[in-house]
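# Chains, contacts and geometry: an overview
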Amino acid sequence: MARAMAPPMTQRRKSIRRHLLIYAAITPYVVIAVFPIYWMAITAFKQDPDLYRMEHFPFWFNLAPTLRNFKILFYQTHYGDWIWNTFTISAWVALITLVTAVPAGYALARLKLPGAENTGIAIFLTYLVPPIILFLPLSRIVAELGLQDSWWALVVVYPTFTIPFCTWLLMGFFKTVPMEIEEAARVDGCGQAGAFLRVILPISLPGVLTSVIFAFTLSMQDFLYGLAFVSPGDQKPVPVGVPTELIRGDIYYWGSLMGAALLVGLPVAILYNFFLDRFIQGITGGIGK
Amino acid sequence: MTGSSLHGGPDPMARAAVVSVPARAALYVLLLVGAPFLFSLYLAVSDANVGEPIAHFVGLENFKAALEMDVFWISLRNSVVFLVVAAVLKSLLGTSLAFLLLQDFKGKKLIRGLVVIPFTLPIAISVLSWKWMYDSQFSVINWVLSRMGLIGQFGTEGWPIWLGDPKLALVACILVNVWRTFPFSAIVLLAGFTSVPVEVIDAAKVDGCSFFQRFRHVVVPMIFPILMIGFLFDTVFTLSDLSVVYLLTQGGPANATKILPVLAYQIGIQAGSLGRGAAIALFLVPLLIPALILVLRNLKRREY
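Everything numeric in this text was worked out from a predicted model, so none of it was measured.

### Observations concerning the overall build of chain A
Secondary structure assignment for chain A yields 15 helices and two strands. The C-alpha radius of gyration computed for chain A amounts to 25 Å, which surpasses the reference 19 Å derived for 289 residues by more than 25%, pointing to a less compact arrangement than a globule. Dimensions of chain A along its principal axes, counting C-alpha atoms only, are 80 × 75 × 35 Å. Here chain A holds 289 residues, and the buried ones make up 45% of them. Partitioning the contacts of chain A with sequence separation of at least 6, the portion at a separation of at least 24 is 73%.

### With respect to the interface of chain A and chain B
Residue-level contacts link 87 residues of chain A with 90 residues of chain B. At 14 residues, the largest contribution of residues to the side of chain A that touches chain B is made by helix α2 (residues 8–44) of chain A. In the side of chain A that touches chain B, the residues fall into 64 nonpolar, 16 polar and seven charged.

### Thoughts on the packing of helix α4 (residues 68–76) of chain A against helix α15 (residues 254–283) of chain A
Packed helices, taken two at a time, are described by their axes: the angle between them and the distance between them. Residues and elements named next belong to chain A. Look at α4 against α15: their axes get within 8 Å of each other, and the N-to-C directions meet at 75 degrees. When the axis of α4 is compared with that of α15, the two are roughly perpendicular. In this structure, α4 uses N69, F70, I72 and L73 to contact α15, whose residues at the interface are G255, S256, G259 and A260. Classifying every residue of the contact of α4 with α15 gives four nonpolar, four polar and no charged.

### So, the packing of helix α12 (residues 205–220) of chain A against α15(A)
All names here are of chain A. For the pair α12 and α15, interaxial distance at closest approach is 10 Å and the crossing angle is 125 degrees. By the angle class used here, α12 and α15 are oblique. Crossing of α12 against α15: the hand is left-handed. Contacts from T210, I213, F214, T217 and M220 in α12 reach V268, L271, Y272, F275 and R278 in α15. For the contact of α12 with α15, the class distribution of residues is seven nonpolar, two polar and one charged.

### Here we look at the domain arrangement of chain A
All names here are of chain A. Assigned domains within chain A: domain 1 (2–66) and domain 2 (70–283). Between domain 1 and domain 2, the residue contacts involve seven residues of the former and six residues of the latter. At the level of elements, α2 and α3 (48–51) are the ones that each hand at least two residues to the side of domain 1 that touches domain 2. Considering every element that reaches the side of domain 1 that touches domain 2, the biggest residue donor is α2, with four residues. Looking at side-chain class alone, the side of domain 1 that touches domain 2 contains four nonpolar, one polar and two charged residues.

### Quick notes on helix α12 (residues 260–270) of chain B
Within α12(B), nine of the 11 residues are buried, leaving the element largely enclosed by the surrounding structure. Looking only at α12(B), the buried set comprises L260(B), P261(B), V262(B), L263(B), A264(B), Y265(B), Q266(B), I267(B) and G268(B). Along its buried surface, α12(B) packs onto α7 (131–144) of chain A together with α3 (70–102), α10 (211–240), α11 (243–248) and α13 (274–282) of chain B. At the C-terminal side of α12(B), G272(B) shows a positive phi close to 75 degrees.

### A few points about the environment of I72(A)
Residues and elements named next belong to chain A. By the element assignment, I72 lies in helix α4. Sequence separation between I72 and Y52 is 20 residues, and the spatial gap between their C-alpha atoms is 19 Å. The residues touching I72, leaving out its near neighbours within four places in the chain, are T77 and S256.

Each value, and the rule that gives it
Residues numbered from 1 in each chain as written. Chains lettered and ligands numbered in written order. Predicted model: local features only at pLDDT ≥ 70, side-chain atom pairs only at ≥ 80, totals over all residues. Helix = DSSP H or I, 4+ residues; strand = E, 2+ residues; numbered from the N terminus. Rg over C-alpha atoms; globule rule 2.2 N^0.38 Å. Buried ≥ 20, exposed ≤ 12 C-beta atoms within 10 Å, placed from the backbone. Contact = placed C-beta atoms within 7 Å. Nonpolar A, V, L, I, M, F, W, Y, C, P; charged D, E, K, R; others polar. Axes fitted to C-alpha atoms, helices over the stretch in contact; angles between N-to-C directions. Parallel < 35°, antiparallel > 145°, perpendicular 65-115°, else oblique. Left-handed = near helix turned anticlockwise from the far one by under 90°. Domains from an automatic or database assignment.

Pasting the structure below:
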């Protein structure tokens, strides 16, 4: 009622002014955040001579855009292998993570185990032990297992950070499933395992999917393990292969480098974007729900 | 916690079967984090290196040797400078951004999505873009600065060579870290702000608190735990991250950007001196332990 009475023009003008102010204030942040990605993208599609002419306006094409940089990537480097490695590594890591973290998260959240809360916290805290402290001893373990110089080394090592994080995440998920549902399932004749598999797991599917996404995106954030454990050119995952194999001495193929970075980095960034709030909730213990 | 009184636990057999389940995850984590951690302590007191598989106990020799290296002290100093300067800058940027994102405006979701891209992009990949932007000759940053008349022409004294000049290289590396993590600071803060119930703020308003009083005495204490956790996570990741410096400068020029993780990697893997490298990496522990303890204390307060 009051809204209808108020003179619409001043209201609207006020709102527009407010919006303009906010946009003006937030634009620098957006530019700072996005520019390196824009720069990556435009470099990837530029012809080589276009990259090295300082007298031209660099933010747009001065010569026709080209796909040559991407052709080089796929025909003259191991880029295709790296993408394949990245996906197989992630799939294995996700599988190992789920097989351990789903039951563990459920058990810690639901069964009245002595010290469950503390065990959960202890598992999560191992997520905070940085790779830089673990990579030297792990390099010995990887060597003992005979996995050095193969991407299987990373399949073994990445769960050291995905399991702690996903167990913690799933604990939170399982706690939100109402107990009554589980009890109803039991009344209907399911055992504990049956209730879990037929009722709890399907309800918690979003949580399980979130864990898979994190197993993937957290693996993509690694650089150190890949750098330290996998040296053959065709065995690396993308985030390690691109910076270590495409840079040869002092010669930089910037177009291909940026293309390689963009093609994998952007989809990962977008995917992660959708799950960022979950990540924040996970590490802050769900305080900011 | 609803219905917990109803839940007495089913038959003891099934219970015993599932008790082993978290044990399995704990075991995996223990094997791959706990054991390596102990193993790293062992390495640090041995003369293990890549060439000779049999290591001897050398006591604190590796730690002593590290303390006697000039480059160790340079790295420690750089690590601390890196951490502190980056923390100040990202808090400033993060806080101001969080306040902006707290406002209601059209297209907020899109803008938020764009602003957090630096944090979600795999780090080794985004650093490459910066390496290109810091190029000694074709730096786009220099192009802009030079058109604005802030720096000289290429080839003159006034043309900054970001990664080649000892005075600028650390700044350049810090900027990349700040760029990557300021969205994280903002989002954590935002999560904190939105967790403060509006009623509490209103109550404080009714009681006659000014904006700053409300902020200082109501909002800050309420979001403190979440702030601490965000801060500590960032500390752990910033201190232990090697990819930014390794990919930009490898610690050069003349050790100007050498930080502890890079030193540990170079000595442990590249020079093959596992014991020495492990000892250097372990010097990060005293810096990290306070962070771990504080996170632990805050997590215990988790509500469901």
